[in-house]
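Listed here are the chains, written in short residue letters.
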Amino acid sequence: MVTVIPKGTSESPAATGQRSLWIAGGLALAWLLPLATHAVHLDVVLPFVVLAGTMAVQRGCVGLIDRFVVSCAQLFGAACLFGLAITYWPGHLHPTLIAGVALSVLVLVAAATKRLTRPPRPRAEWLLALAAAGVSAVTLVPYVARDLGGRLGLPLAGEDIARHFLLYDVIGRIGGYPFLRPEALRPFVPDEQWQGIANYPQGLHFAYAVLDRFVRSSGHNGAPGTTADVLIWLLVGTFLLLALAVLWAARRIAGPGTSPARLLPVLFVIAAWLVLGDPVTVLSRGYPNELAGLACAVVLTGLVARPLTRTGEQLVTVALLLVGVSFSYPLFLPYAGIVAAWWAWRARLWRHWWAWPVAIVTLTIAAIGPLTAAAASSGEQLLLNGTARVVDRPATLTLAVLAALALLANRRAPSQRAALFAVLVAFAMAAGLGLYQIATIGRPVYYFDKLLHLLIVVGLAGLGGLARVLPRRGLPVRLAVAFPVVLAMAVAGGKWHTTPVAPGVKLALGQDRGSPEGARDALLMARMYPDGGNAINVDLMGSPWRNWSATLSASALQGQYRHFPGWSQLLYPGGRGATYADLERLVVDSPVTVRFFVHDPEASMLVVDVEHPNRPAVRSGQPLPVAFGDPLAPSNIAAARLLAAKYPTKVQVVYATPANP
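What counts and how
Residues numbered from 1 in each chain as written. Predicted model: local features only at pLDDT ≥ 70, side-chain atom pairs only at ≥ 80, totals over all residues. Heavy atoms only, no water. Core = buried A, V, L, I, M, F, W, Y, C linked by side-chain atoms within 4.5 Å. Buried < 20%, exposed > 50% of the residue type's maximum accessible area, 1.4 Å probe, protein only. Helix = DSSP H or I, 4+ residues; strand = E, 2+ residues; numbered from the N terminus. 1 Å grid on protein atoms, 1.4 Å probe; cavity = no way out; pocket = protein on both sides within 12 Å on 5 of 7 lines; lining within 4 Å. Points joined across faces, edges and corners; volume = space filled by probe spheres on them. Pairing = 2+ DSSP bridges. Right-handed = clockwise from strand over helix to strand, strands pointing away. Axes fitted to C-alpha atoms, helices over the stretch in contact; angles between N-to-C directions. Contact = heavy atoms within 4.5 Å.

**Student:** Give a description of the nonpolar core that names residues and reports values.
**Tutor:** Formed by 192 residues in total, the largest nonpolar core has its most connected members in L247, I270, Y335 and F596. The greatest single-element share of this core, amounting to 19 residues, is contributed by helix α10 (residues 224-254).

In structure tokens:
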């Protein structure tokens, strides 16, 4: 152990030499360990080593969970920054190089801050750990119980996950951010989508691509199925980190003096809201960027309400959180900037000269996210619709009011005032956008629900203040107050809280399935042709939604998404329909070979007349039949055979045997 000399004195030559030996040994070990783990294919341990090292140098927080959450936030922001340099260095995403640099930085930080001594004994947070474990268990059940096709099929209910995989995959291919090397993205995306995808926030995709290398102990991309599996588990892990961050922020806002008996019912309600209500739909719909942005925002909320005990650590952490929000979900950056400014004003940072350069650098880097997002967006971006589930309006309003009232009752405490300010800012942002959308297009849409997600996690964190105002009764009475809230969340959901059964219950019971058949078809196609075989692979094996989802997913898995848009319009069941002539036109215009996968002889989608399509009548909410086309039009197999006979050098037909016929 290195001895720390009191301020104002100098170290003896022996102490200086000992410190130098420690630093030299640490730097050597920082590179020897990654070399050793890579040799035995155990690079997966290195992220945990980096995390443990980051936790060890924390001095502004004491509890293990405190250190874990703060360290994860710091590492994500640092990874976003690190990606700017990695994009241009020769080694790119090789795990040995990344781990060696990360561990070397930790050694130098520990040496510069004289934190090579043993840290204070951490404080146990068993109740917080228990709540996080409960959320993890409920969340993991539907993913552990499914095969890869079932897991990948969940987010295929919305098409966004394919583009998230595309960015994650391309970052692995080019070794860095596509927004810094946009031309490298052109072979993988359609020209009309190139600018939008190239400038989409990429911090989390970069972090995923790096972690994928450590999981597989490889310097290159893996097989499509393996890479997709890593992506799904990282998506689940991101949600679990968000859940822990919300619980941690609520515990932090409640204050260190809150007894477990007061805190237990509050954490019970928060945990139930996370896994039953709207937050879990962000996971099941496959929005990894939003999960990361929400996690950074809620950690920032906890730190603004109750800052770290060391101003320097607090400033660095807030700066990295702003970078994390900017590089993951810039829509939340105004909220993050406002609450960070609240803390800076309270802390009177303007009095410290060193705070000014940190602020300038942070604002400069944090501007990258919104500037690139602006380049990727149209002037009416905030008015666009999307596939996110509509948020439960009454439940969200109840949550916001409950959190605000609880914090208002304790407004004399600075931490409660800061948390109340955060809740009001989140509410004002959602209300402002909602009013703008209503005035412009007559109703609130997509991004309004995204800001409601922000209000939900900030409001859940604000519920920590409720622990201070619960009745002074025994634990059973407090739980009796919490149980009806949890029951109300479980039995209903939907836009007006009138849909039977909450979204999380449907997910856990397997009612929310997404498109597992489409995912399994896509995995089959990707296993047969990992790089697409210089062709666009089109699924015609089953029902319409299955075919559309599989073709979309396979195009991303195989690196052929550039050729998908035309086929998306033809296969999309919600469109006006397509004739055999439309199908033939796509084949003729395709710049690459068209490979049709067929299986079910009953499968059909084509119509004779798009103006008067003759299709089976299907009730709203019911699945479309396999034979969805006009009986007078060719079936899928017949159409594929006709085109293969007419264009033998352009069309291939694969008679596949999918895992789920």
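**Student:** Give me the lowdown on empty space enclosed by the protein, citing residues and values where you can.
**Tutor:** Following the criterion strictly, the structure yields five cavities of 30 Å³ or more and no others. In this structure, the largest cavity occupies an estimated 100 Å³ of space. What lines the largest cavity is a set of 14 residues, among which P544, L570, L571, M605 and R615 lie closest to the centre. Listing elements by their share of the lining of the largest cavity, those giving two or more residues are α24 (544-557) and α25 (565-571). Here the second largest cavity is characterised by a volume of approximately 70 Å³. If you trace the second largest cavity, you find it lined by L152, L156, I161, A162, F165, A228, S553, A556 and L557.

**Student:** Help me get a handle on the pairing of strand β5 (residues 651-655), residues and values and all.
**Tutor:** Where strand β4 (residues 593-598) meets β5, five bridges bridge the pair, whose relative direction is parallel. Across the sheet, the residue bridging to V594 is V651, located in β5. Crossover connection from β4 via helix α27 (residues 636-646) to parallel β5: handedness right-handed.

**Student:** Provide a residue-level description of the sheet that holds β4, including the pertinent values.
**Tutor:** The sheet built from three strands is open, its strands ordered β3-β4-β5 with parallel pairing. Of all the strands in the sheet, the pair left with one neighbour each is β3 (535-539) and β5. With strand direction ignored, the average angle separating the axes of adjacent strands in the sheet is 25 degrees. Lying over the sheet, α27 contacts β4 and β5, oriented at roughly 140 degrees with respect to β5.

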